[in-house]
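Geometric and topological summary
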Amino acid sequence: MTEETISRGLEDVNIKWTKLTTIDGDKGILMYAGYSIEDVINSGAMAEEIQYLFLYGKLPNKKELEEYRKKVEEGYNVPDFVLDLIMKLPPESDAVAMQMVAFAALAAKEKDFKWDKNTDRDVAAKSIGMMNTITANVFRHIMGKGPKKVEKSESYAKSFLRTVFDREPSREEIDAMNTALILYTDHEVPASTTAGLVAVSTLSDIYSGVTSALAALKGPLHGGAAEAAIMQFAEIGDEKKVDEWFENLLKQNKRLMGFGHRVYKTYDPRAKIFKKYAEKLIKNSKEAEKMYKIATRLEELGIKQYGSKGIYPNTDYYSGIVYMALGFPLKNNMYTGLFALSRITGWEAHFIEYVEEQHRLIRPRAVYKGPERREFVPLEKR
Ligand code: CMC
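Overview of the structure. Along each chain, the written sequence defines residue order, and numbers are assigned to residues from 1. With pLDDT at 70 or above as the cut-off, local features in this predicted model cover only qualifying residues; side-chain atom pairs require 80 or more to be listed or tallied, and sums for whole chains, interfaces and linings still use all residues. As a rule here, side-chain values come from all non-hydrogen atoms in the structure, and water together with hydrogens is ignored.

Successive residues of a regular strand alternate their side chains across the two faces of the sheet. We call a residue buried when its accessible area falls under 20% of the maximum for its residue type, exposed when it is over 50%, and partly exposed in between, using a 1.4 Å probe and counting protein chains only. Helix numbers and strand numbers start at the N terminus; a helix is a DSSP run of H or I with at least 4 residues, a strand a run of E with at least 2. Burial along strand β1 (residues 21-24) is one-sided: the face carrying Thr21 and Ile23 is buried and the face carrying Thr22 and Asp24 is not. Pairing of β1 with strand β2 (residues 29-32), which is carried by 4 bridges, proceeds in the antiparallel orientation. In the sheet register, Asp24 faces β2, and the bridge partner there is Ile29. Where β1 hands over to β2, the hairpin turn is made up of 4 residues, of which Gly28 adopts a positive phi near 70 degrees. Here, any two strands with at least 2 DSSP bridges between them count as paired.

What follows is the structure, encoded as structure tokens:
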């Protein structure tokens, strides 16, 4: 083995087959099990229908959806000790790290978990429900509120918003939250999904898989970009300062967050949808409106600078403005926590696909380039 055999960033490695998501990075096409992302959003589908599609490989009929939603709702009742753990963390903690604590706690409790074709999907559905209560409580804690379990309502999106904000969300807010949930459901095998797959390939449990995936999602080059992108708009602070800020970014050779993608070499189709929602929602928030104006000017400059290299806005570029307009505070990596709330479905669907049908321990090799064999000198003689 030589250094040339190393696949840096595993860029050209296919780690598994999938029936879940397909991406055409050159044409900017994203499909969930054969359904284009635009068709899914335009159909007005509920996030739960898409969760079902990922776990069961087909769209549910009304009865199947009802049964599925009951399993998810069962998960809303997260064990009290998990919520206690969240509430004991310093409220200034990172939101995704708090989600990790909660899932690690579930892994600790479910020590007898076994992968089983007959029960995997039920466990996944329930844990998708748990993620709703966990994320809502992480947010409540950051916002200085006490614990509160999510209760069932007409939708996963509505139940979440209601629990975070202690009020009835509007139809428009529910629609935007539902859309964000769908847009982030899955994206083939990015770093987080791969990290989770490595964990479950050892036949570790599903909660540990989610904990590993969360750890990888957190970084600014992956899910952390959801918050990093809007942070840079906040740093610019004024539409008039965009050009000067961008010039400085170029001088410092820094990256524009929310731009560029390992797979997409054109405009990310999810970014187009998020942009449309951001435009619709900014009337509800002066701050979000300001961010939107900054973002659109910066987008123009970014595309002019990087477009020829295939670097365009990715899904994280406009999502933060939607979250801000919905009233989520821009702090503690909460926007990446919202990414995770949605992505748990994709993670678990990939875990199930891998463990049930194509399982093999993931154990790559490294090319050794240290010293040749040499004499070990005892401490007293060094
Ligand atoms: N701003 C400026 N230059 C960039 C950017 C960017 N956002 N992204 C890539 N480049 C340049 C990079 O400097 C390099 O240039 P050169 O060839 O001259 O050295 C070239 O493009 C290739 O970059 P790379 O890092 O080798 O490419 P990659 O496939 O690893 O990049 C990426 C993917 C997402 C890590 C990168 O585009 C990036 O850092 N983007 C900013 C962070 C971000 O928005 N992440 C969210 C990704 S999408 C959602 C998700 O997965 O969570």
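This next bit is on the site of the ligand. For this description, a residue counts as near a given molecule or strand if any of its non-hydrogen atoms is within 4 Å of it. Neighbouring the ligand are 19 residues, the closest being His222, Arg255, Leu256, Gly258 and Arg262. Polar contact is the term for a pair of N or O atoms within 3.5 Å; when the atoms are in protein, one must be able to donate a hydrogen and the other to accept it, and sequence-neighboring residues count only if both atoms are side-chain atoms. Between the ligand and the protein, one listed contact pairs a nitrogen atom with a backbone N or O atom of Phe259 at 2.8 Å. Side-chain polar atom of Asn314 to an oxygen atom of the ligand: 2.9 Å apart, as the coordinates give it. Accessible surface is estimated by sampling points in the Shrake-Rupley manner with a 1.4 Å probe; for residues, cover comes only from the protein chains shown. Expressed as a share of its isolated accessible area of 920 Å², the protein-covered part of the ligand is 69%. Both site types are read off a 1 Å grid over the protein atoms alone. A 1.4 Å probe that fits but cannot get out defines a cavity, while an open set with protein on both sides within 12 Å along at least five of seven lines defines a pocket; lining residues have an atom within 4 Å of a point. Think of it this way: a molecule belongs to a cavity or pocket when more than half its atoms come within 2 Å of the grid points there. Its atoms largely coinciding with the cavity grid, the ligand occupies the largest pocket. Under the convention adopted here, Pro, Cys and the residues Ala, Val, Leu, Ile, Met, Phe, Trp and Tyr are nonpolar, Asp, Glu, Lys and Arg are charged, and Gly plus all remaining residues are polar. A breakdown of the residues in the shell around the ligand according to their chemical character gives 9 nonpolar, 6 polar and 4 charged.

Where strands meet in a sheet, backbone hydrogen bonds hold them as pairs that are either parallel or antiparallel. If you trace the 3 strands from one edge of the open sheet to the other, you get β1-β2-β3, paired in antiparallel fashion. Each edge of the sheet is formed by a strand with only one pairing partner; in this case those strands are β1 and β3 (35-36).

What follows concerns helix α2 (residues 47-56). A large share of α2 lies buried, amounting to 8 of its 10 residues. Positive phi shows up at Gly57, right after α2, with a value of about 80 degrees.

With that settled, consider the packing of aromatic side chains. Two rings from Phe, Tyr or Trp (for Trp, the six-membered ring) form a pair when their centres sit within 6.5 Å of each other. Planes less than 30 degrees apart are called stacked, planes more than 60 degrees apart edge-to-face, and all others tilted. Inspection of the entire model under this criterion finds 21 aromatic pairs. Between Phe113 and Tyr207, the ring centres sit 6.4 Å apart and the planes meet at 75 degrees, which makes this aromatic pair edge-to-face. In this pair, Phe113 sits in the loop between α5 (95-109) and α6 (120-142) while Tyr207 sits in helix α10 (residues 206-217), placing the two residues 94 residues apart along the sequence. Consider the rings of Phe259 and Tyr317, whose centres lie 5.3 Å apart with planes at 75 degrees: the pair is edge-to-face. A residue pair is termed long-range when its members are at least 10 positions apart, and Phe259 in the loop between α12 (242-251) and α13 (269-281) and Tyr317 in helix α15 (residues 316-326) qualify at 58 residues. With respect to class, Phe259 is no different from Tyr317; both count as buried. Site record: aromatic cluster; members linked through ring pairs are Phe233, Phe246, Phe259, Tyr292, Tyr306, Tyr317 and Tyr318. It is Lys280 that lies over the ring of Tyr277; its NZ or CZ is 4.4 Å from the centre. By definition here, charges over rings are those cases where NZ of Lys or CZ of Arg is within 6 Å of the ring centre and within 35 degrees of the ring normal.

Here the focus is the environment of Ala226. Mapped onto the secondary structure, Ala226 falls in helix α11 (residues 225-236). Residue classification places Ala226 among the buried positions, given a relative accessible area of 0%. Along the sequence, Ala226 and Ser319 sit 93 residues apart, while their C-alpha atoms lie 6.7 Å from each other.

Mapped onto the elements, Asn132 comes out in helix α6. Residue Asn132 is classed as buried on the basis of its relative accessible area of 0%. Working rule for contacts: check all heavy atoms of both residues, and any pair within 4.5 Å makes them a contact. When neighbours within four sequence positions are excluded, Asn132 is seen to be in contact with Tyr76, Val150, Tyr156, Phe160 and Leu341.

A few words now on unusual backbone geometry. A positive phi angle, close to 60 degrees, is found at Asn253, a residue other than glycine. On the basis of relative accessible area, Asn253 is assigned to the exposed category, the value being 71%. A positive phi angle is found at Asn332, which is not glycine, with a value near 55 degrees. For Asn332, the location among the structural elements is in the loop between α15 and α16 (334-357).

Turning next to helix α3 (residues 62-76). Compared with an ideal rise of 1.5 Å per residue, which puts 15 residues at 21 Å, α3 spans 21 Å between its outermost C-alpha atoms and is within 8% of the ideal. Buried residues of α3: Leu65, Tyr68, Arg69, Val72, Glu73, Gly75 and Tyr76, and no others. For α3, the angular spread of the buried residues around the axis is 145 degrees, confining them to a single face. Across α3 from its buried face, at more than 90 degrees, point the exposed residues Lys63, Glu66 and Lys70. Expected span of a helix, by definition, is 1.5 Å for each gap between consecutive residues, and there is one gap fewer than residues. The arc under discussion is defined with respect to the helix axis, by the directions toward the C-beta atoms.

A few words now on the nonpolar core. We define the nonpolar core as a collection of buried residues of types Ala, Val, Leu, Ile, Met, Phe, Trp, Tyr and Cys that are connected through side-chain atoms lying within 4.5 Å of one another. Counting residues in hydrophobic clusters, the biggest one holds 115 residues, and the most contacted among them are Ile134, Met177, Ile321 and Phe328. When residues in this core are grouped by element, the largest group, 13 residues, is from α16. Residue contacts for Ile321: discarding those within four places in its chain leaves Ile230, Phe233, Ala278, Ile282, Ala288, Met291, Tyr292 and Ala295.

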